[in-house]
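Architecture at a glance
Residue strings, one per chain:
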Amino acid sequence: AKERAPGSIAVFDATMQRRAASRLQLEGELRRSLEVGGFRLVYQPIVDSATGRPVGVEALARWTSPTRGVVSPQEFIAVAEDCGLIVELGRWVLREAVTTFAGWCAGQPETPYLTVNVSGRQLLHPGFVDDVLAVLGEAGLPPAQLGLEITESVLLQEPTRARQMLGALREAGVATLLDDFGTGYSSLSWLRQLPADALKIDRSFVQGLPGDAADASVVSAVVALGRSLGLTVIAEGVEDAAQLEALVQMGCPRVQGYLFARPVPGDEARATLFGR
Ligand code: C2E
Ligand code: CA
Ligand code: CA
Ligand code: CA
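Everything numeric in this text was worked out from a predicted model, so none of it was measured.

Counting its regular elements, the chain contains twelve helices and nine strands. The C-alpha atoms of the chain give a radius of gyration of 21 Å, which matches the 19 Å a tight globule of 276 residues would have. Each principal axis of the C-alpha distribution contributes one length, and for the chain these read about 70 × 50 × 40 Å. Every one of the 276 residues in the chain was classed for burial, and the buried ones make up 45%. When the accessible surface of the chain is summed, it comes to about 13800 Å², and 53% of that surface belongs to carbon and sulfur atoms. Here the chain holds 25 positive side-chain charges and 32 negative ones, and the gap between their average locations is 3 Å.

Bringing the coordination of the calcium ion (ligand 2) into the picture now. Note on the calcium ion (ligand 2): its protein donors are E58 (OE), N117 (OD1), E149 (OE) and D179 (OD). The metal-donor distances range over 2.2 to 2.3 Å. Within one chain, the residues serving as donors to the calcium ion (ligand 2) are arranged as E-x58-N-x31-E-x29-D. Between the calcium ion (ligand 2) and the calcium ion (ligand 3) the interatomic distance amounts to 3.9 Å, and D179 serves as a bridging ligand to the pair. On the criterion of sequence distance, the pair formed by E58 in strand β2 (residues 54–65) and D179 in strand β6 (residues 175–181) is long-range, its members being 121 residues apart. Assessed through its relative accessible area of 5%, E58 is described here as buried. Judged by its relative accessible area of 7%, D179 falls in the buried class.

With respect to the secondary-structure elements, K200 resides in strand β7 (residues 198–201). If we ignore the near neighbours within four places in the chain, the residues touching K200 are E58, E149, L177, L178, D179, D180, F181, I234, E236 and Q256.

Let's shift gears to the site of ligand 1. Around ligand 1, a shell composed of 21 residues is seen, among which R62, S119, R203, E239 and Y258 lie nearest. Separating a nitrogen atom of ligand 1 from a side-chain N or O atom of E239 is a distance of 2.5 Å. Between Y258 and ligand 1, the recorded distance is 2.8 Å, taken from a backbone N or O atom to an oxygen atom. Burial of ligand 1 by the protein chains amounts to 83% of its free accessible area of 800 Å². Counting residues per element, the ones that place at least two in the shell around ligand 1 are β2, α2 (73–83) and β6. The element contributing the most residues to the shell around ligand 1 is β2, with four residues.

In this structure, D179 (OD), D180 (OD), E236 (OE) and E236 (OE) serve as the protein donors to the calcium ion (ligand 3), at separations of 2.1 to 2.6 Å. Motif for the calcium ion (ligand 3), donor spacing along one chain: D-D-x55-E. Taking the relative accessible area as the measure of exposure, D180 reaches 26% and is therefore partly exposed. We classify E236 as buried; its relative accessible area is 11%.

Let us now look at the environment of I46. Relative to the helices and strands, I46 is located in strand β1 (residues 39–48). Owing to a relative accessible area of 0%, I46 belongs among the buried residues under this scheme. Each C-alpha atom, one on I46 and one on T115, is 9.4 Å from the other, the two residues being 69 residues apart in sequence. For I46, the residues in contact, after removing those within four places along its chain, are R53, P54, V55, G56, V57, E58, Y113, T115, I234, R254, V255 and Q256.

Calculation rules
- The numbers attached to residues start from 1 for each chain and follow its sequence in the written order.
- Following the order in which they are written, the chains are lettered starting with A and the ligands numbered starting with 1.
- Whole-chain, interface and lining totals are the exception, using all residues; otherwise, since this is a predicted model, local features are given only for residues with pLDDT of at least 70 and side-chain atom pairs are given and counted only at 80 or more.
- Side-chain figures throughout are based on the complete set of non-hydrogen atoms in the structure, without hydrogens or water.
- Secondary structure elements are defined from DSSP: runs of H or I of at least 4 residues count as helices, runs of E of at least 2 residues count as strands, and each element is numbered from the N terminus.
- With the radius of gyration taken over C-alpha atoms, the globule rule is written as 2.2 Å times the number of residues to the power 0.38.
- Throughout this description, buried means an accessible area under 20% of the type-specific maximum (1.4 Å probe, protein chains only), exposed means over 50%, and partly exposed covers the range between.
- For the area figures, the Shrake-Rupley method with a 1.4 Å probe applies, and any residue is considered shielded solely by the protein chains shown.
- We treat Lys and Arg as the positive residues and Asp and Glu as the negative residues; His and chain ends play no part in the count.
- Note on charges: their place is set at NZ of Lys, CZ of Arg, CG of Asp or CD of Glu.
- Counted as donors are N, O and S atoms no farther than 2.8 Å from the metal, or 3.2 Å for Na, K and Ca; water is not among the atoms, and sites may therefore look incomplete.
- Here, residues are in contact when the closest pair of their heavy atoms is within 4.5 Å.
- Throughout, the term near means that a residue has one or more heavy atoms lying within 4 Å of the molecule or strand in question.
- Under the rule applied, a polar contact is a pair of N or O atoms within 3.5 Å (in protein, one hydrogen donor and one hydrogen acceptor; residues adjacent in sequence only if both atoms are side-chain atoms).

See below:
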């Protein structure tokens, strides 16, 4: 063991070095992809649980690395957040999604909504509010048709500033959805002060329905909470009919998940929303 110790340190160092190099390379690829238009968006319908009709779509980013192939958003969003690229990537996502969606809605009698995921650094970046309003104005999309999905952890980092930003957007008509709801630490009194319009119940709670009593309690409590605070509630990750049935019985108004549709390219999402 005595003789091996220095060797294992060397191996450890080499592994660390490889990881750091790989990370740097990934950052470089992300940066280049932003320049050359290497990202794309897919859209997942948000559905009225009573009628099964889509009422909106969530935009989700996709990226294929030139050297690694498809990289999951979990991974590349985390890297983009760490190195600050998320501000620019988020700006691209917002502009692309709003512009595309406005194109679909032009001349249609229906007014579905679009939601876009927003990272903490992006939300707190000076100019975010102006950016969002400018993009909406240029695309000609009414602010009431846009919602921003924010996680609780983001709001906890800098609650006052986050509240200001979201409050200003809300005054303009843009909705706030609390994403992955139930996985963070929000207290009820704190929730009351938030400029939130909707709660998205995290997939991890929906998964256990209808059998898991603890999950069922959490979900029905969030549905009741939403109702009493006047917030829309959306259940994420609905994969089968039994889960849907349980959610309908609990009075959950909105659902989203593979049972209805996977995230799909724009053309397909448009057809789902407008039937053509
Ligand atoms: P999220 O915002 O919670 O998005 C929901 C994730 O669940 C998506 O994964 C979606 O494809 C997946 N999903 C939807 N329905 C089902 C289902 O029925 N079963 C299962 N197992 N999964 C389902 P995706 O697209 O891989 O995105 C992962 C996360 O990456 C997102 O979680 C979000 O936090 C982040 N993300 C994706 N696009 C963006 C973006 O443009 N900006 C930011 N800031 N984050 C993004
Ligand atoms: Ca989301
Ligand atoms: Ca979520
Ligand atoms: Ca999530």
